[in-house]
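Here is how the chains run, residue by residue.
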Amino acid sequence: MALPAEGHIVVLGTAGSGKTTIAMLRAHHLANIPNGGKVLLVTFNGALVKYMRSLSDSKTQRLVVENYHKFARGYLKSRGKMPNWNGIADPGKKIDYIRQVLNDLKIKYPTESTFKRSTEFFVDEITFIEKFGFSSLSEYREAERIGRASANIKRENRKWIFEVYKKYRELREASGQKYDWDDLAFYVFNELQNDDSERRYTHIIVDEGQDFSPMMIKSLVASVADNGSFTFFGDVAQQIYGSRLSWRDSGIDIKKIWHFDVNYRNPATIAAFAKAITQNQYWRQDGDMVEAAPSIAEGPKPILIKFFNRQHEIRWIVDRAITIGKTASTVIICRNRTDIDALLPLLKNRGCEAVEIDRETPGFAHLKKVYLTTYHAAKGLEFDNVLIPYLSEDKFPDPDMVSSAVSIEEAYADEIKLLYVAATRSKYGLYMTYSGVLSCLFPQNSGTYDFYDEGDLS
């Protein structure tokens, strides 16, 4: 492969440009170098790890494929720093601890206006501190607000946020939980600074790297052997977890950035629709986004259908999925697992052996059948046909996400990227549906799709 086997390498690509495929090929290439070291291929979501493993036919013991948190837990356990049970606070516990700290500080400082902000604001801000690994108030006070204008805080008031952060950590650790899922990387990185032993991995490859926090990337860079390589594959347009946290703050020694702008997956019609999504007012522009070159593949225009009610929409989605799933790989992509749980029995009652994609699913996406998954678990996968239901304003953006977000703008900026990810999973057909009022995140005045009322279908 053209990419060198030593140093830091950054590859930015558009959707469908083959980043995951190249990441896998590079991993196998490095793992099979005579007398070479071990290779770690790491990504963020468990379903994608399973998918990558299913495509791997290598028998080498020198290649490990896993998600970041498994890597982090394994490393800390090897250093005697990870309890066998309950060492990591789950998101619900994190919220409870922060709420408890806030209640105490509101009593202690009844006139401080900073404490009038919502619990969600503090959770979001503490997560920001953790993902960047700010270990002192001075670091946090001077931090640039990357994509966080709606959560802006006067520098003189950041001391109160940091006080909540410190007391949250004290309360959490007093309860026997040294870590949460957002600061695990901070502790991995710090432990690596004190670890003089030989590194386990000579080469580390990160796929879907845009979803990793800066501290995650820093810890992975620090895990590479001195004579090894670190390779980052990413697409900021699909940044759906580590929202707007720039990989440029991650400690990568950038000497050259490779750009993959050829979309091999999507036909020109779907690529045009995806571009229309990025022109929505809520889309956050990023200078690192790679615009796809004109696609040579042909296919039908995406289709949007408005139904009289939700029941009619569901019936059509089930019928259509069963019909096209007989001759091509077909996926229904839902916003949450509740919608999957409602659709799955309807499909099975019709004799359709539908498969839900999650981290335990064996090799998938290649067979002529029907799959169901969430926007998040669909990341990095591809199918012949994609169906995206429930694009009405009451379902998308997700009301729970909007209500718990720091601001509507922040929530919308996160949610619209999910639509981009879902749409760009398709290699041929893209069917989208709604009932009621169409979501404001959908590119409504675009000529990149065909629109039908339910009545037009009869």
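Remember, predicted model here, so these are calculated numbers, not experimental data.

S.K.: I'm lost on the sheet that holds strand β14 (residues 426–435) in this one. Help?
M.R.: Pairing between sheet strands relies on hydrogen bonds along the backbone, with the strands arranged either parallel or antiparallel. Reading across from one edge, β11-β12-β10-β13-β14-β9-β15 is the order of the 7 strands in this open sheet, with parallel pairing throughout. Two strands lie at the open edges of the sheet, namely β11 (355–356) and β15 (450–453), each paired on one side alone. For strand β10 (residues 330–334) and strand β12 (residues 370–374), the ladder comprises 5 bridges, and the chain directions are parallel. Each bridged residue has a counterpart across the sheet, and for C334 the counterpart in β12 is T374.

S.K.: Looking at this structure, how should I read the pattern of salt bridges?
M.R.: A side chain with one charge can pair with a side chain of the opposite charge if their charged atoms come near. Counted under the stated rule, the structure contains 21 salt bridges. The residue D96 makes a salt bridge to R99 at a minimum N-O spacing of 3.5 Å. One end of the pair, D96, and the other, R99, are both in helix α4 (residues 91–108), 3 residues apart, so they sit about a helical turn from each other. We classify D96 as partly exposed; its relative accessible area is 40%. For the salt bridge of R172 with D183, the shortest nitrogen-to-oxygen distance reads 2.8 Å. Residue R172 is located in helix α7 (residues 158–174), and its partner D183 is located in the loop between β5 (179–180) and α8 (184–193); the two are separated by 11 residues in the primary sequence. Looking at R172, the relative accessible area reads 0%, which means it is buried. The exposure class of D183 is buried, given its relative accessible area of 1%. Here the residues in one salt-bridge network are K94, E130, R172, D180, D182 and D183, joined through shared partners.

S.K.: Where do I start with unusual backbone geometry in this structure?
M.R.: Backbone phi values are negative for most residues with the exception of glycine, while trans is the configuration of most peptide bonds. Here the bond from F396 into P397 is cis, since omega is 10°, no more than 30 degrees from zero. Examined against the element boundaries, P397 turns out to sit in the loop between β13 (383–388) and α13 (399–404). The backbone phi angle of Y390 is positive, close to 60°, even though this residue is not glycine. Within the secondary structure layout, Y390 lies in the loop between β13 and α13.

S.K.: Hey, could you run me through the environment of M215 in this one?
M.R.: Relative to the helices and strands, M215 is located in helix α9 (residues 214–221). Contacts of M215, omitting those with residues within four sequence positions, involve E130, K131, F132, G133, A185, F186 and F189.

S.K.: Quick question: what am I supposed to make of the packing of α4 against α7 here?
M.R.: The relative placement of two packed helices is expressed as an angle between their axes plus a distance between the axes. Remark: α4 packs on α7, axes separated minimally by 9 Å, with the N-to-C direction vectors making an angle of 120°. Here α7 runs oblique to α4, going by the angle between their axes. Two packed elements cross with a definite hand, and for α4 against α7 that hand is right-handed. Taken together, the residues of α7 that come into contact with α4 (itself represented by K94, Y97, I98, Q100, V101, L102 and L105) are E163, V164, K167, Y168, L171 and R172.

S.K.: Looking at this structure, how should I read α9?
M.R.: Because each turn of an α-helix spans 3.6 residues, side chains separated by three or four positions end up pointing in the same direction. Counting buried residues along α9, 7 of its 8 residues qualify, which places the element largely inside the surrounding structure. Looking at α9, one finds that the buried residues are P214, M215, M216, I217, S219, L220 and V221.

S.K.: What is the right way to read the side chain of E208 from this model?
M.R.: Inspection of the secondary structure assignment puts E208 in the loop between β6 (201–206) and α9. A residue is classified by how much of its surface remains accessible, and E208, at 4% relative accessible area, is buried. A distance of 2.8 Å separates a polar atom in the side chain of E208 from a polar atom in the side chain of Q210.

S.K.: Help me understand the environment of E393 in this model?
M.R.: For E393, the location among the structural elements is in the loop between β13 and α13. With near-sequence residues (within four places) excluded, E393 lies in contact with V437, L438 and S439.

S.K.: Would you mind showing me how to read the packing of aromatic side chains here?
M.R.: Geometrically, a pair of aromatic rings is defined through the distance of the ring centres and the angle of the planes. Scanning the model with the defined rule gives 25 aromatic pairs in all. Ring geometry for F273 versus Y449: centroids 6.0 Å apart, planes at 85°, classification edge-to-face. Linking F273 in helix α10 (residues 268–277) with Y449 in the loop between β14 and β15, this pair joins segments that are 176 residues apart in sequence. Like F273, the residue Y449 is buried in the burial classification. The structure contains a cluster of three or more aromatic residues connected by ring pairs, namely F128, F132, F134, Y140, F162 and Y165. The ring centre of Y140 lies 5.8 Å from the NZ or CZ of R158, which sits over that ring.

S.K.: Would you explain the pairing of β12 in this entry?
M.R.: The two faces of the sheet receive side chains in turn, since in a regular strand these alternate between them. In terms of residue burial, β12 counts as a mostly covered element, since 5 of its 5 residues are buried. Where β11 and β12 come together, 2 bridges link them in parallel fashion. By the bridge assignment, E356 is partnered in β12 with L372.

Definitions and limits used
- Starting afresh in each chain, residues are numbered from 1 along the sequence in its written order.
- Per-residue local features are limited, in this predicted model, to residues with pLDDT of at least 70; the limit for side-chain atom pairs, both in listing and counting, is 80 or more; totals at the level of whole chains, interfaces and linings are taken over all residues.
- Side-chain metrics rest on all non-hydrogen atoms present in the structure, leaving aside hydrogens and water.
- Pairing between two strands is assigned when DSSP locates at least 2 bridges connecting them.
- Counting from the N terminus, the helices are the DSSP runs of H or I reaching at least four residues and the strands are the DSSP runs of E reaching at least two.
- Basic side-chain nitrogens of Lys or Arg form a salt bridge, by our definition, when they fall within 4 Å of a carboxyl oxygen of Asp or Glu.
- Categorising residues by exposure relies on relative accessible area from a 1.4 Å probe, with only protein chains included: less than 20% of the type maximum marks a residue as buried, more than 50% marks it as exposed, and the intermediate range marks it as partly exposed.
- In what follows, residue pairs with any heavy atoms lying within 4.5 Å of each other are defined as contacts.
- All axes here are fitted lines through C-alpha atoms, helices being fitted over the stretch that makes contact, and every angle between N-to-C directions spans 0 to 180 degrees.
- Roughly parallel means an angle under 35 degrees; roughly antiparallel means over 145; roughly perpendicular covers 65 to 115; every other angle is labelled oblique.
- In a left-handed crossing the near helix is turned counterclockwise from the far helix by less than a right angle, and in a right-handed crossing that turn is clockwise.
- Here a polar contact is recorded for every N or O atom pair within 3.5 Å, except that within protein the pair must consist of a potential hydrogen donor and a potential acceptor, and residues adjacent in sequence are included only if both atoms are side-chain atoms.
- Here is the rule: rings of Phe, Tyr and Trp (six-membered ring for Trp) pair when centre to centre is within 6.5 Å. Planes less than 30 degrees apart are stacked, more than 60 are edge-to-face, and the remainder are tilted.
- Placement of a charge over a ring requires the Lys NZ or Arg CZ to be within 6 Å of the ring centre, with the centre-to-atom vector within 35 degrees of the ring normal.

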